[in-house]
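Each chain, written out:
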Amino acid sequence: MKKKETILRGIPASPGIVSGKAFLYGREQYTITRRLVKEDQLLNEIKRFKEALVQTKNEIIEIKKRISEEMGVKHAEIFSAHLLVIDDSMLIEEVISKLKKEKLSIEYIFQDVLRRYIKVFSEMDDEYLKERISDINDVGRRILRNLIGAKEDVLSNLKEKVIVIAYDLSPSDTATMHKKNVKGFATDIGGRTSHTAIMAKSLEIPAVVGLELLTKKIESGDEVIIDGTHGIVVVNPTPRTMKKYEQDREKFVSYAKHLLDLKDLPCITLDGKKIGLSANIEVPEDVPSVVAHGAEGIGLYRTEYFYMNRKDLPNEEEQFRAYSSVAKKIKPHSVTVRTMDLGGDKFLSQLDVPQQMNPFLGWRAIRFCLARPDIFKVQLRAILRASAHGKLRIMYPMISGIEELRQANVLLGEAMKELKKEGLQFDENIEVGAMIEVPSAALTSDILAAEADFFSIGTNDLIQYSLAVDRVNEKIAYLYEPTHPAILRLIKNIIDSGHASGIWVGMCGEMAGDIVMTIILLGLGLDEFSTSPIATPEIKRIIRAVTINQAEQVAKGALTLSTGKEVEAYAKSKLKEIVPDIAAELE
Ligand code: PEP
Ligand code: MG
């Protein structure tokens, strides 16, 4: 009997459309029976366990090396966390002492301990610990597989092209997945900023996350369509649906190609106003994609990845080398280096930071830096030194009021003095700006503007704080509305305050890459858009199709509306009217 078509909506994670056979991943269970072992075999069981640990460790080191070469160090960093799990002496000791007590096979004991660890972690209501569950699970499955001599995980050995469907994908799943055999993927959990979403974008394969019940509604071998642009998954599509998506896919591919034709054209409005268009990066390895997509510089360099998943702190020299290499490659354009935004959902492995009840509202970003000037100044010195090799700007994250900006600038002044004394060169006129991503900063942006060289609006956080919506929780993603009137008013206030003080205002949150918002943002007076490299050509396309006057009228109209839904519908209709060939993208 023909299976019924099911359409599911999730969160768009990476654009594009693909279809193919579903491969349900993560369901395979190793059958481990309860087997007694004799006293004289216990040493042999321990030996087997230790051998499995060594084998697993070698495998992970090998993957880490390969991923680092193929995709850059950032993607390989997670495996350092996996290595920490393997070296966890508590886990090892617990397994061995349980083995001696219960005298059951080592695989049975290990699985038992592993399940208990996962249960304890999952009962703690903490996002950070939840991330650790996937590390423990991932490493635990590898160790088990090696203990029972099962074959290598399937994702790295796929024999045909498939669409991977999973409840969640661990970092090692996504990293070992080969682009050539994974056409796209979809998961039950996750938000726009989850690891899987970021990885899909950098692999440039279509993906949808946060589908909640997808794995319950699909079987391996089912035909499936992934529309990563709109966050739609169709299971067992009818021939009619299939045909429609095939046409959409062709349109998407030719549209993306056509957009790249704009790569070398200036980002100017129809009436000739120059608008900044730059890209966001996490690690220096992202630079080629920035150049390939024609972005003019880097509007957000998220430096905290230096500090994650490692045991030591990055020293001044290491940071200097990274910042100056990016500066040289992007020259003559500028690179806005955001000082570390540690805390929140970004993991501090080497620093003694206690667990926090509300990490997003806790000891984070500039708050952490001001409390640890020893660590902060190392970074400031490195950025300053790199500013002698290209055009760099400094930007502080999570500024909530003028005192924080002043305190950060005092430390920056000290770093400058030290460098001068040491005879080291730096750009003495380096621009220093503040991210505006906390509502209190947005509302006091007039005060901040008097002492900043520029603003960059961090909408990812500004929206979560203003609307009280956790940005990584798929359950409440429907409330995360960039078009909410409160957000438009805050953005207007920030831009107006910046301009009144004669400084420029950019945006580096995801909203800057959202085509629905481009005309409104332009009309509100935004000077620079900074977004993921793959999103930049489309934003340029829209900017080049509109006049400032048209955009101002659209923004004015948007500000009279009462709900996010109304603003969204209005923005879409205006976009279709002004840039008709974008209509298909919006359907
Ligand atoms: C933001 O909050 O919008 C932003 C760009 O910073 P991050 O996503 O790193 O918090
Ligand atoms: Mg932020």
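Figured I'd write up the structure that's included with this text. (Residues numbered from 1 in each chain as written. Chains lettered and ligands numbered in written order. Predicted model: local features only at pLDDT ≥ 70, side-chain atom pairs only at ≥ 80, totals over all residues. Heavy atoms only, no water.)

## Points about the overall build of the protein chain
- Along the protein chain, the regular secondary structure elements total 23 helices and 16 strands.
- Per-residue burial over the protein chain gives 57% buried out of 587 residues.
- Intrachain contacts of the protein chain at a sequence separation of at least 6 include 69% that bridge at least 24 residues.
- When the accessible surface of the protein chain is summed, it comes to about 25,800 Å², and 54% of that surface belongs to carbon and sulfur atoms. (Helix = DSSP H or I, 4+ residues; strand = E, 2+ residues; numbered from the N terminus. Buried < 20%, exposed > 50% of the residue type's maximum accessible area, 1.4 Å probe, protein only. Contact = heavy atoms within 4.5 Å. Areas by Shrake-Rupley, 256 points an atom, 1.4 Å probe, with all protein chains shown as cover.)

## Points about the nonpolar core
- With 107 residues, the main nonpolar core has Tyr-301, Tyr-396, Phe-455 and Phe-529 as its most contacted residues.
- Among the elements that line this core, the one with the most residues is helix α14 (residues 402-421), at 8 residues.
- Residues within four places of Phe-529 in sequence aside, it is in contact with Ile-275, Gly-276, Leu-277, Ser-278, Met-507, Ala-512, Thr-518, Leu-521, Leu-522, Ile-539 and Ile-543.
- Judged by nonpolar contacts, the second largest core, of 37 residues, contains Leu-53, Ile-67, Leu-114 and Leu-147. (Core = buried A, V, L, I, M, F, W, Y, C linked by side-chain atoms within 4.5 Å.)

## A short note on empty space enclosed by the protein
- Enumeration according to the criterion identifies 2 cavities of 30 Å³ or more in this entry.
- By volume, the largest cavity amounts to about 80 Å³.
- The set of elements that each furnish at least two residues to the lining of the largest cavity consists of β10 (298-302) and α17 (459-467).
- For the lining of the largest cavity, the residue count by class is 3 nonpolar, 3 polar and 8 charged.
- Taken as a whole, the second largest cavity encloses approximately 50 Å³ of empty space.
- Around the second largest cavity, the lining residues are Ile-17, Val-18, Ser-19, Ile-225, Met-242, Tyr-245, Glu-246 and Arg-249.
- If you list the elements that add at least two residues to the lining of the second largest cavity, you get β3 (17-24) and α9 (239-260). (1 Å grid on protein atoms, 1.4 Å probe; cavity = no way out; pocket = protein on both sides within 12 Å on 5 of 7 lines; lining within 4 Å. Points joined across faces, edges and corners; volume = space filled by probe spheres on them. Nonpolar A, V, L, I, M, F, W, Y, C, P; charged D, E, K, R; others polar.)

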